[in-house]
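Each chain, written out:
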Amino acid sequence: MVIIACLYILAEWLQEFLGIVAFPWARLSLSVTPWPLFIQSASVFGGLFISFLLILINGGFAFGIVKASNHYFGIFHIATERYSWEKELMNLTAYIFIGVILVGNLLFGAIRGNKSFDDENSEAIEVLLVQGNHPGINKWQTSTVQILADYIDLTEDNVTENTRLVFWPESAVPIYIEEAYEEQKQLMTLSEKHNISIVLGTFNRKEVEGEYICYNAMYVVTKEGISKNPYYKQKLVPFGEYLPFSKIFSRISPDVTFMLMEELSQTPGTETFPVETEYGDVGGIICYESIFPKISRESVKNGAQLLAVLSNDSWFGDSAALYQHHSQSILRAVENGRYVVRASNTGLTSIINEKGEVIKRVDALIGTTLRGEIKFYNHKTIYTRIGDVIVIPGIGLIFAAIIKRRFYRR
């Protein structure tokens, strides 16, 4: 069972590094995110360790059930075979081992769940998350003026004198913000009026050798203006934000490829860093990136004191995929010991604390806001420091099998 569990999580880990087909979406660990007590050990070895535990524990139970049924139905012919006390002792040892792991994991979860993470920079501040509810299928048919007005109105109606940070979702305002001076002015006015900083998803483009390079970006807006060093989304959705193998497709069908490239022309960012706000450094995780633990971990290693998932999940409607995606943010919070604010275009919008507890959440498919308190943290978890070392035994098993096979052939 241990070998199977090691190989299973190695396969889950490899899903993150498969180029354009990389899609670590349905990891086994997501199934227990509603149970914070069980997932606290992700702060030590990551979400992969939770998958490891689930394979080990369920495999042990399954083995026990099969063994018991074999005894009950007489398939295991004790009368005709020599009874092996050594085998029974080995099985008992395995059960004890699994039991110790389960109890130990729950005990660790209880201890960490009751631990205070307060430090010198952990004063709670009020934040406002805005869910504008502009579905992607309709978004490009609605004027930028109207979308911006909706977000401003929702912010104006729900901000309080204690609100310090406001978060708008991915592509909240679908414009090239550095070229949109009127929109910048409106945002700066809103910021100055309520003494808030606005963290929002939008777009930027740069001209390189006569061609524009476009980015999906996260900016901070204050009364002084927009941030000079925005975060650019690194993990783009293939066939959603860019066209893989565009050169090959252009040879097959130049006209169709040209038409697609006009819509699928975004460029991935190359750096992982937090954006600065007056209250702390915010690590940007834009939508699809939240399913890649490496990006969140590197952001925290590079100084992020809070993680902000700006997302557009309108393509999922109210399906199970919406809740699966939300579960990823819960794991990222525990893995890195950070509050996660999740502002989504149509939902799910939520505030998650560093223990993976969903403090507040609003329903999907409605235009609304979510107000709550968060904290900025400086400490780093063991997982943030060491990463996915849990996959090393699986890698070792693969190499051992290869070496053994070659040796056996000789």
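This text goes with the structure placed above it.
Residues numbered from 1 in each chain as written. Predicted model: local features only at pLDDT ≥ 70, side-chain atom pairs only at ≥ 80, totals over all residues. Heavy atoms only, no water.

Undergrad: A description of the nonpolar core should follow, citing residues and the corresponding values.
TA: Counting 64 residues, the largest nonpolar core has V127, F167, V341 and I374 as its most contacted members. At nine residues, helix α4 (residues 47–73) tops the list of elements feeding residues into this core. Leave out the neighbours within four places in its chain, and V341 touches V127, L129, F167, L306, L307, A308, V309, S350, I351 and I374. Counting 26 residues, the second largest nonpolar core, distinct from the first, contains V159, L190, Y215 and V221. (Core = buried A, V, L, I, M, F, W, Y, C linked by side-chain atoms within 4.5 Å. Buried < 20%, exposed > 50% of the residue type's maximum accessible area, 1.4 Å probe, protein only. Helix = DSSP H or I, 4+ residues; strand = E, 2+ residues; numbered from the N terminus. Contact = heavy atoms within 4.5 Å.)

Undergrad: Describe the packing of helix α7 (residues 144–158) against helix α8 (residues 181–194), listing the residues and the values that go with them.
TA: A pair of packed helices is captured by two measures, namely the crossing angle of their axes and the spacing between those axes. Closest axis-to-axis distance for the α7/α8 pair is 12 Å, and the angle between their directions is 5°. Taken together, the axis directions place α7 and α8 in an arrangement best described as roughly parallel. For the pair formed by α7 and α8, the contact residues are T144, L148, I152, T155 and E156 on the first element and E183, Q186, L187, L190, K193 and H194 on the second. Of the residues in the contact of α7 with α8, the class split is four nonpolar, four polar and three charged. (Axes fitted to C-alpha atoms, helices over the stretch in contact; angles between N-to-C directions. Parallel < 35°, antiparallel > 145°, perpendicular 65-115°, else oblique. Nonpolar A, V, L, I, M, F, W, Y, C, P; charged D, E, K, R; others polar.)

Undergrad: Describe in detail helix α11 (residues 293–301), supporting the description with residues and values.
TA: Of all the positions in α11, only P293, I295, S296, R297, S299 and V300 are classed as buried. The inward-facing, buried residues of α11 contact β6 (231–232), β7 (274–276), β8 (281–286), β9 (306–311), α12 (320–336) and α13 (382–386). G303 lies just past α11 and shows a positive phi near 120°.

Undergrad: Describe the sheet that holds β8, listing the residues and the values that go with them.
TA: A sheet is described by the order of its strands in space; here six strands give the open sequence β7-β8-β9-β10-β11-β12, paired in mixed fashion. The open sheet is flanked by β7 and β12 (358–362), the only strands paired with a single partner. Taking each pair of neighbouring strands and ignoring which way they run, the sheet shows an average axis angle of 20°. The pairing of β8 with β9 spans five bridges and is classified as parallel. Each bridged residue has a counterpart across the sheet, and for V282 the counterpart in β9 is L306. (Pairing = 2+ DSSP bridges.)

Undergrad: Please give an account of the environment of E183 that cites residues and values.
TA: Along the chain, E183 falls in helix α8. Each C-alpha atom, one on E183 and one on A149, is 10.0 Å from the other, the two residues being 34 residues apart in sequence. Not counting the four nearest positions on each side in its chain, E183 is found in contact with T144, L148 and I175.

Undergrad: For the pattern of salt bridges, give the residues involved together with the corresponding values.
TA: Evaluation of the coordinates by the stated rule reveals nine salt bridges. A salt bridge links R205 to E179, with the shortest nitrogen-to-oxygen separation between them at 2.8 Å. Of this pair, R205 sits in strand β3 (residues 197–208) while E179 sits in the loop between β2 (163–167) and α8, and the two are 26 residues apart along the sequence. By relative accessible area, which is 37% here, E179 ends up partly exposed. R342 serves as the salt-bridge partner of D313, at 2.8 Å between the closest nitrogen and oxygen. (Salt bridge = Lys/Arg side-chain N within 4 Å of Asp/Glu carboxyl O.)

Undergrad: Provide a residue-level description of the pairing of strand β10 (residues 340–344), including the pertinent values.
TA: Burial runs high along β10: five of the five residues are buried. On β10, burial covers both faces: V340, R342 and S344 on one face and V341 and A343 on the other are all buried. Of the pairings in the sheet, the one linking β9 to β10 comprises five bridges and is parallel in character. Across the sheet, residue L310 finds its bridge partner in β10, namely A343. As a crossover connection, the stretch from β9 through α12 into β10 is right-handed. The pairing of β10 with strand β11 (residues 349–352) spans three bridges and is classified as antiparallel. Note on β11: the bridge partner recorded for V341 is I351. Between β10 and β11, which follow one another and run antiparallel, lie four residues, and G347 among them has a positive phi close to 110°. (Right-handed = clockwise from strand over helix to strand, strands pointing away.)

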